[in-house]
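Each chain is listed here by its residues.
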Amino acid sequence: MQADATTIAAADAAELIRRAAALIFDVDGTLAETEELHRQAFNHAFVRHGLDWQWDRAVYKDLLRVTGGKERMRAYHDRLPSARPLSDADIASLHRIKTAHYAGLIETGCCPLRPGVAELLGAAKARSQRLAIATTTSHGNIDALLSQALGARWAAQFDAIVGGDDVRQKKPAADVYLEILARLKLDPSDCVAIEDSGNGLIAASRAGIPVLITRSMFFGDDDFSAARFVLDDLSELGLAEQKTEKQPHAQ
Ligand code: XBP
Ligand code: MG
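None of these values were measured; they are calculated from a predicted model.

Draft legend 1. View of the overall build of the protein chain. Scanning the protein chain from terminus to terminus reveals 10 helices and six strands. Whereas a compact globule of 251 residues would reach a radius of gyration of roughly 18 Å, the protein chain reaches 19 Å, a difference of no more than 12%. For the C-alpha atoms alone, the extent of the protein chain along its principal axes is close to 65 × 35 × 35 Å. Scored against the burial criterion, the 251 residues of the protein chain give a buried share of 50%. For the protein chain, the accessible surface area stands at approximately 11700 Å², while carbon and sulfur atoms represent 52% of it. Separation of charge centres in the protein chain, based on 29 positive and 35 negative side chains, amounts to 3 Å.

So, in structure tokens, the structure goes:
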């Protein structure tokens, strides 16, 4: 039976993943669809701070081109024609309120891992592949999400975890990925970065790491032509492997 292009691409993506010495995961939008909760948490913080800001999904989608919550709020403030001054201390206070509310939302269990993520983590560990996290968000947010999704000892599954505050420049700068490579002592071409956004693709590509994109809620229509593969989600990898096992010589 003739396999279609999508199936062949997913099978090739599965092969790239299988061969990698390490899988480096982005967090927001890749491991889970967290950005909608980030958006709600920002809006909660604005109300608490007495700001008449409310970011709807269209505004937030545009603002997501700015990585980092604090930087995003500053970018929005700078756009407003006549906004009251907002000091760095105000931004930091807003971000603390937002982060606390985000953790509360995550703890409700309403944001599970995306399809195929848990299966891929399990398959990677079974193959003794190394796992890493390279994200713009904070360690607190990573812990909130993964302790909920993977249990209290989630961090033991990962060989390196680098967050936005660990490096000088956030994505699309390559800093987080370069730091992961340094900690793992691996060549970029031996790894695969799994991302959901244009900024993440640029960051990993600048570090020389091949990228597998999984399209997410806010970045579904980004340009991913520089990615090695683009999937709707990681469950396609498992399906491709099942098809390959059934039809090992299908071309
Ligand atoms: C996504 C981001 C983060 C989150 C908000 O990170 O850019 O800023 O939107 O989290 P990634 P913070 O996709 O690299 O995981 O408010 O903690 O920045
Ligand atoms: Mg992301």
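Draft legend 2. Here's a closer look at the coordination of the magnesium ion (ligand 2). Bound to the magnesium ion (ligand 2) are the protein donor atoms Asp 26 (OD), Asp 28 (O) and Asp 196 (OD), situated 2.1 to 2.2 Å from the metal. We note that the donor set of the magnesium ion (ligand 2) lies within a single chain, spaced as D-x1-D-x167-D. Exposure class is identical for Asp 26 and Asp 28. Each is buried.

Draft legend 3. Spatial organisation of the pattern of salt bridges. Overall, the coordinates contain 13 salt bridges when judged by the stated rule. Measuring nitrogen to oxygen at the nearest pair gives 3.2 Å for the salt bridge that ties Arg 57 to Glu 36. Here Arg 57, found in helix α3 (residues 57-63), pairs with Glu 36, found in helix α2 (residues 35-48); they are 21 residues apart in sequence, far enough to count as distant. A single salt-bridge network, built from bridges that share partners, covers Glu 15, Arg 18 and Arg 19.

Draft legend 4. Layout of the site of ligand 1. Near ligand 1, the surroundings consist of 19 residues, among which Glu 35, Gly 69, His 95, Lys 98 and Thr 135 are the closest. One of the side-chain N or O atoms of Arg 72 is found 2.8 Å from an oxygen atom in ligand 1. At 2.9 Å, a side-chain N or O of Lys 171 approaches an oxygen atom of ligand 1. Protein burial of ligand 1: of its 450 Å² of free accessible surface, 95% is covered by the chains. The leading source of residues in the shell around ligand 1 is α2, at three residues. Of the residues in the shell around ligand 1, the class split is three nonpolar, 10 polar and six charged.

Draft legend 5. Broad picture of the nonpolar core. Ile 24, Phe 46, Trp 55, Tyr 177, Ile 180 and Ile 209 are the most contacted members of the largest nonpolar core, which has 41 residues in total. At five residues, helix α8 (residues 175-184) tops the list of elements feeding residues into this core. In this structure, Ala 20, Ala 32, Ile 194 and Leu 212 belong to the second largest nonpolar core, which totals 40 residues.

Draft legend 6. Layout of the pairing of strand β4 (residues 191-195). For β4, a buried count of five out of five residues is recorded, marking the element as mostly surrounded by other parts of the structure. What you see with β4 is no split at all: Cys 191, Ala 193 and Glu 195 on one side and Val 192 and Ile 194 on the other are buried throughout. As judged from the four bridges shared by strand β1 (residues 22-25) and β4, these two strands associate in the parallel manner. Paired with Phe 25 across the strands is Ile 194, a residue of β4.

Draft legend 7. Quick look at unusual backbone geometry. Between Lys 171 and the following residue, Pro 172, the backbone shows a cis peptide bond with an omega angle of 10°. Position of Pro 172 relative to the elements: it lies in the loop between β3 (160-162) and α8. Phi angles above zero are rare outside glycine, and Ser 128 is one such case at about 60°. Examined against the element boundaries, Ser 128 turns out to sit in the loop between α6 (117-126) and β2 (130-134). The class for Ser 128 is exposed, based on a relative accessible area of 63%. In this structure, Lys 185 is a non-glycine residue whose phi angle is positive, near 55°. Tracing the chain through its elements places Lys 185 in the loop between α8 and β4.

Draft legend 8. The packing of helix α5 (residues 88-107) against helix α7 (residues 139-150), seen in detail. It is the contact of α5 with α7, at a shortest axis distance of 9 Å, that shows an interaxial angle of 5°. Between α5 and α7, the crossing angle belongs to the class labelled roughly parallel. Contact residues: Lys 98, Thr 99, Tyr 102, Ala 103, Ile 106 and Glu 107 in α5; Asn 141, Ala 144, Leu 145 and Gln 148 in α7. By residue class, the composition of the contact of α5 with α7 is five nonpolar, three polar and two charged.

Conventions used here
Residues numbered from 1 in each chain as written. Chains lettered and ligands numbered in written order. Predicted model: local features only at pLDDT ≥ 70, side-chain atom pairs only at ≥ 80, totals over all residues. Heavy atoms only, no water. Helix = DSSP H or I, 4+ residues; strand = E, 2+ residues; numbered from the N terminus. Rg over C-alpha atoms; globule rule 2.2 N^0.38 Å. Buried < 20%, exposed > 50% of the residue type's maximum accessible area, 1.4 Å probe, protein only. Areas by Shrake-Rupley, 256 points an atom, 1.4 Å probe, with all protein chains shown as cover. Lys, Arg positive; Asp, Glu negative; His and termini not counted. Charge placed at Lys NZ, Arg CZ, Asp CG, Glu CD. Donors = N, O, S within 2.8 Å, 3.2 Å for Na, K, Ca; no water. Salt bridge = Lys/Arg side-chain N within 4 Å of Asp/Glu carboxyl O. Near = heavy atom within 4 Å. Polar contact = N/O pair within 3.5 Å; in protein donor to acceptor, adjacent residues only side chain to side chain. Nonpolar A, V, L, I, M, F, W, Y, C, P; charged D, E, K, R; others polar. Core = buried A, V, L, I, M, F, W, Y, C linked by side-chain atoms within 4.5 Å. Pairing = 2+ DSSP bridges. Axes fitted to C-alpha atoms, helices over the stretch in contact; angles between N-to-C directions. Parallel < 35°, antiparallel > 145°, perpendicular 65-115°, else oblique. Contact = heavy atoms within 4.5 Å.

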